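Structure at a glance
Each chain, written out:
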Amino acid sequence: MPKPIENQYSYKKQISFTQKQKKSLKTLENYGVNVNDFIRIAVREKLRRDWKSIKEEKERMRLPF
């Protein structure tokens, strides 16, 4: 059964990694970790954790005083 449209991956963003990061991700892959899901979960957690400060910074930039 296909995923609903809103849950399908349709946006692509190219990112680069250092050789050390590449080696770390390869090690995770050797342990059976799905690296794509690992990165998606890490980004989701980082946004959830830092969203309040990101939003405050944006609002602070909008105010002239």
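Before reading on, note that the structure itself is shown above.
Quick summary incoming for the structure in this document. (Residues numbered from 1 in each chain as written. Predicted model: local features only at pLDDT ≥ 70, side-chain atom pairs only at ≥ 80, totals over all residues. Heavy atoms only, no water.)

1. Quick notes on the overall build of the protein
Across its full length, the protein carries two helices and zero strands. The buried share of the protein, taken over its 65 residues, is 3%. Entry remark: accessible area of the protein is about 7,000 Å², with carbon and sulfur atoms responsible for 57%. (Helix = DSSP H or I, 4+ residues; strand = E, 2+ residues; numbered from the N terminus. Buried < 20%, exposed > 50% of the residue type's maximum accessible area, 1.4 Å probe, protein only. Areas by Shrake-Rupley, 256 points an atom, 1.4 Å probe, with all protein chains shown as cover.)

2. Focus: the pattern of salt bridges
Across all of its chains, the model carries four salt bridges by this definition. Across the pair Arg40 and Asp37 runs a salt bridge whose closest N-O atoms are separated by 3.3 Å. Highlighted residues: Arg40 and Asp37, both in helix α2 (residues 35-62), separated by three residues, approximately one helical turn. The class of Arg40 is partly exposed, set by a relative accessible area of 31%. (Salt bridge = Lys/Arg side-chain N within 4 Å of Asp/Glu carboxyl O.)

3. Re the packing of aromatic side chains
Applying the stated rule across the entire model yields zero aromatic pairs. Cation over ring: Arg40 sits above Tyr9, and NZ or CZ is 3.8 Å from the ring centre. (Phe/Tyr/Trp six-rings, centres within 6.5 Å; stacked < 30°, edge-to-face > 60°. Lys NZ or Arg CZ within 6 Å of the ring centre and 35° of its normal.)

4. Considerations on a nonpolar patch on the surface
Side chains of Val43, Leu47, Trp51 and Ile54 sit close together on the surface and give an oily, nonpolar patch of about 380 Å² of accessible area. One can find Leu47 in helix α2. (Patch = residues over 30% accessible without salt bridge, like charges linked within 9 Å, V, L, I, M, F, W, Y side chains within 5 Å.)

5. Brief notes about helix α1 (residues 19-30)
Its twelve residues place the ends of α1 16 Å apart at the C-alpha level, agreeing with the 16 Å of an ideal helix rising 1.5 Å per residue. Looking one or two places after α1, you find Gly32, whose phi comes out positive at around 90 degrees. (Expected span 1.5 Å × (residues − 1).)

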